[in-house]
Every structure is written in structure tokens, then in C-alpha cells.
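Here is how the chains run, residue by residue.
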Amino acid sequence: MIEYNELYNDVKNALSEKRFKHTEGVEKRAIEYAKVYNVDVEKARFAAICHDIAKEMSLEESYKILEKNGVLLDDIEKKNFNLIHAKVGAVIAKNKYNLEEEIVSSIKFHTTGKENMTILEKIIYLADATEPRKRLYEKSK
């Protein structure tokens, strides 16, 4: 598995400054939640810092990654490009960074959720939704 500092720098270089500030806010919130719910803080950190790694990729690049890895999109994802970054990010987390499956899964479902989510999956989903700067970021688009 990749070292945290290397992952942090990779993500920072892949995202705009605004998106990366959001990512840091998600990480902070995920750590808070992990402590409350007795979840491995390091897993929460890795998942949170990597959750939007593919958010600013082009549609073309995203589709190439999904196709190369045999990942299918459902009908809703095909109509909403904003959702597919989670699946692309999960592929990157697994293949490029060799992150654990529990972390990969929390990245994969951070936008849509799913039935019977693990505590870590819920933490990343909620940290992304409740990160305080998210509203500021979205308003400035």
C-alpha cells in the first residue's frame, strides 16, 4: 500500500486548489467520525484523501479507465457524469495505490451509497456530504 504522504501529494497534484481544499475538509471530518465510531482512523484518512481523485478527470479519460478495467455503469451513472468519478476513483485506489478493499469500496460508494454499507463507507459518504467547505465550493462554480 502507498504511503500516506505520497498519496496526499498525488491527490494534491491531480486536483484544483478548491477541490483539494474540499478533500482536506472531508479528511478532517472523516477522522472526527472515525474516532466517534471507533473505526480505523488511518483507513478513514486514506479513503477521504483519495475519494475525489478522479473528480476532475475528463469524461473521455474516465471512460477509458472504466472500460480497461471492465467496470460497467448503471443507467443513472450513464446520465450523470458527476457520479462516475467514484467508480473511477475506486479503480485508481485499487490499481495505482494498492489500497485495501474496504477503503476502495468506501471510495466507490461515496456518491451513491448502497444497501448495507459498512461503517467506513458511511463515514466517507457522510464526511463528503457534511464537509463545511463543500457548499462554498459548489456556490463558487
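All values reported here derive from a predicted model rather than from experimental measurement.

**Q** Explain the pattern of salt bridges here, please?
**A** Think of it this way: side chains of opposite charge can pair up when their charged atoms draw near. With the rule as written, the count across this model stands at ten salt bridges. We note a salt bridge from E100 to K43, for which the minimum N-O separation is 3.4 Å. Of this pair, E100 sits in the loop between helix 6 (81-95) and helix 7 (101-108) while K43 sits in helix 3 (residues 41-50); the two residues are 57 residues apart in sequence, bridging distant segments of the chain. When salt bridges that share partners are traced, they join E27, E42 and R45 into one network.

**Q** Quick question: what am I supposed to make of unusual backbone geometry here?
**A** Most peptide bonds adopt trans geometry, and most residues besides glycine take a negative phi value. Of note in this structure, N38 is not a glycine but carries a positive phi near 55 degrees. Following the sequence through the fold, N38 ends up in the loop between helix 2 (17-36) and helix 3. Given the relative accessible area of 71%, N38 is considered exposed. Of note, the phi angle at N98 is positive, near 55 degrees, even though the residue is not glycine. With respect to the element layout, N98 can be found in the loop between helix 6 and helix 7.

**Q** Quick question: what am I supposed to make of the packing of helix 2 against helix 3 here?
**A** Packed helices, taken two at a time, are described by their axes: the angle between them and the distance between them. Here helix 2 crosses helix 3 at 160 degrees, and the two axes come no closer than 8 Å. Overall, the two elements helix 2 and helix 3 adopt an arrangement that is roughly antiparallel. Note on packing geometry: the crossing formed by helix 2 with helix 3 is right-handed. Mapping the contact onto sequence places F20, T23, V26, E27, A30, I31, A34 and K35 in helix 2 and V41, A44, R45, A48 and I49 in helix 3. For the contact of helix 2 with helix 3, the class distribution of residues is nine nonpolar, one polar and three charged.

**Q** Looking at this structure, how should I read helix 2?
**A** Because each turn of an α-helix spans 3.6 residues, side chains separated by three or four positions end up pointing in the same direction. If you check helix 2, its first and last C-alpha atoms are 29 Å apart, about what 20 residues at 1.5 Å a residue would give, namely 28 Å. Along helix 2, the positions that sit buried rather than exposed are R19, F20, H22, T23, G25, V26, E27, R29, A30, I31 and A34. Immediately downstream of helix 2, the backbone of N38 shows phi near 55 degrees, a positive value.

The rules we used
Residues numbered from 1 in each chain as written. Predicted model: local features only at pLDDT ≥ 70, side-chain atom pairs only at ≥ 80, totals over all residues. Heavy atoms only, no water. Salt bridge = Lys/Arg side-chain N within 4 Å of Asp/Glu carboxyl O. Helix = DSSP H or I, 4+ residues; strand = E, 2+ residues; numbered from the N terminus. Buried < 20%, exposed > 50% of the residue type's maximum accessible area, 1.4 Å probe, protein only. Axes fitted to C-alpha atoms, helices over the stretch in contact; angles between N-to-C directions. Parallel < 35°, antiparallel > 145°, perpendicular 65-115°, else oblique. Left-handed = near helix turned anticlockwise from the far one by under 90°. Contact = heavy atoms within 4.5 Å. Nonpolar A, V, L, I, M, F, W, Y, C, P; charged D, E, K, R; others polar. Expected span 1.5 Å × (residues − 1).

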